Amino acid sequence: MDYSALLSNDQKRSILQQRIAQFATEAYQHELNKEVGKDNPDMIKASDDALVILKNAITIHQEELTKLGE
């Protein structure tokens, strides 16, 4: 089933924009966590790992948004 066919382009844009904002919020929090835990290597690693995933998610969502012609 093509789930994207069930949504209008405006709906897709809205979802993508909301998700990008959500991912950016989480990334911002992880950047702050790195500062808070600057003396805790485990905390820094956890934040760095999360930031890699969030960066990838943001990139994929931005690419999809571009395909829709923002």
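Let me sum up the structure you'll find in this document.

**Points about the environment of Gln17**
And then number 1: Its location among the elements puts Gln17 in helix H1 (residues 9-36).
And then number 2: Put simply, Gln17 and Ile58 are 41 residues apart on the chain and 9.8 Å apart in space, counted from C-alpha to C-alpha.

**Description of the pattern of salt bridges**
Pairs can form between side chains of opposite charge once their charged atoms are near each other.
And then number 1: Scanning the entire structure with this criterion turns up four salt bridges.
And then number 2: One salt bridge in this structure joins Asp10 and Arg13, with 2.9 Å as the shortest N-O distance. With Asp10 and Arg13 both in helix H1 and three residues apart, this pair spans about one turn of that helix.
And then number 3: Of the charged contacts, one joins Glu64 and Lys67 as a salt bridge, the two residues approaching to 3.7 Å between their closest N and O atoms. Of this pair, Glu64 and Lys67 both sit in helix H2 (residues 41-67), three residues apart, which is roughly one turn of the helix.

**Focus: H1**
And then number 1: Across its 28 residues, H1 extends 40 Å between first and last C-alpha, which sits within 8% of the 40 Å expected from 1.5 Å per residue.
And then number 2: Turning to H1, its buried residues are Lys12, Arg13, Leu16, Ile20, Phe23 and Ala27.
And then number 3: If you follow the buried residues of H1, they end up packed against H2.

Thresholds applied
Residues numbered from 1 in each chain as written. Predicted model: local features only at pLDDT ≥ 70, side-chain atom pairs only at ≥ 80, totals over all residues. Heavy atoms only, no water. Helix = DSSP H or I, 4+ residues; strand = E, 2+ residues; numbered from the N terminus. Salt bridge = Lys/Arg side-chain N within 4 Å of Asp/Glu carboxyl O. Expected span 1.5 Å × (residues − 1). Buried < 20%, exposed > 50% of the residue type's maximum accessible area, 1.4 Å probe, protein only. Contact = heavy atoms within 4.5 Å.

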